[in-house]
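Take a look at the letters that make up each chain.
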Amino acid sequence: MSVYSHEPPMDADRVSSVMASLPPQAAIEGLAEVFGLLADPGRLRLMAALLEGGEMCVRDLAAACGQSESAVSHALRLLRLNRVVKVRRSGRMAYYRLADSHVRMLFDLALTHVTHDDGGHSE
């Protein structure tokens, strides 16, 4: 008894081309870390506040986001370690801001994507 495959043949040229253009594994792992970090609503709220307010201290961020200063400090530490935010110290005060335009663009694009009206179409 023979078995016939009804699956289309693999497009070896396309597969080879895609494999050659994929980012290196280290870059993929870095992306996974950043997206995992951003998968927290509290941290995203902090990023939104920094996008709107620019440079802000922990106390102001906590008040603006409705979180405790302790929770904000912890979240900012994680964001700083992953280069999402930067800190500037002035005496005893620390002021946080989004790290660079890439972080701003990533956040803006994602926000636009989730708030975009697809005109009632669903797939």
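Residues numbered from 1 in each chain as written. Predicted model: local features only at pLDDT ≥ 70, side-chain atom pairs only at ≥ 80, totals over all residues. Heavy atoms only, no water.

Engineer: Got a minute to help me understand the overall build of the protein in this structure?
Structural biologist: When helices and strands are counted, the protein shows 6 helices and 3 strands. In the protein, the succession of helices and strands from N to C terminus is α-α-α-β-α-α-β-β-α. Computed over the C-alpha atoms, the radius of gyration of the protein is 21 Å, more than 25% above the 14 Å expected from 2.2 N^0.38 for a compact globule of 123 residues. Judged by the C-alpha coordinates and their principal axes, the protein covers about 80 × 40 × 30 Å. Across the 123 residues that make up the protein, the buried fraction comes to 20%. Restricting to contacts in the protein with at least 6 residues of sequence separation, those with at least 24 account for 47%. In the form shown here, the protein has an accessible surface area of approximately 9,400 Å², with 56% of it arising from carbon and sulfur atoms. Within the protein, the 15 negative side-chain charges are centred at a point lying 17 Å from the centre of the 13 positive side-chain charges. (Helix = DSSP H or I, 4+ residues; strand = E, 2+ residues; numbered from the N terminus. Rg over C-alpha atoms; globule rule 2.2 N^0.38 Å. Buried < 20%, exposed > 50% of the residue type's maximum accessible area, 1.4 Å probe, protein only. Contact = heavy atoms within 4.5 Å. Areas by Shrake-Rupley, 256 points an atom, 1.4 Å probe, with all protein chains shown as cover. Lys, Arg positive; Asp, Glu negative; His and termini not counted. Charge placed at Lys NZ, Arg CZ, Asp CG, Glu CD.)

Engineer: What's the story with the nonpolar core in this structure? I'm lost.
Structural biologist: Across soluble globular proteins, nonpolar side chains have a tendency to be buried as a group. Counting residues in each nonpolar core, the largest one holds 23 residues, and the members touching the most others are Met47, Leu50, Leu61, Leu76, Leu79, Val85 and Tyr96. Setting aside its immediate chain neighbours within four residues, Val85 contacts Leu50, Leu76, Leu79, Arg80, Tyr96, Arg97, Leu98 and Ala99. (Core = buried A, V, L, I, M, F, W, Y, C linked by side-chain atoms within 4.5 Å.)

Engineer: Which parts of the structure should I look at to understand unusual backbone geometry?
Structural biologist: Negative phi values dominate among residues other than glycine, just as trans dominates among peptide bonds. For Arg83, which is not glycine, the phi torsion reads 60° and is therefore positive. On the secondary structure map, Arg83 appears in the loop between α5 (69-81) and β2 (85-90). Among the residues examined, Arg83 registers a relative accessible area of 68% and is labelled exposed.

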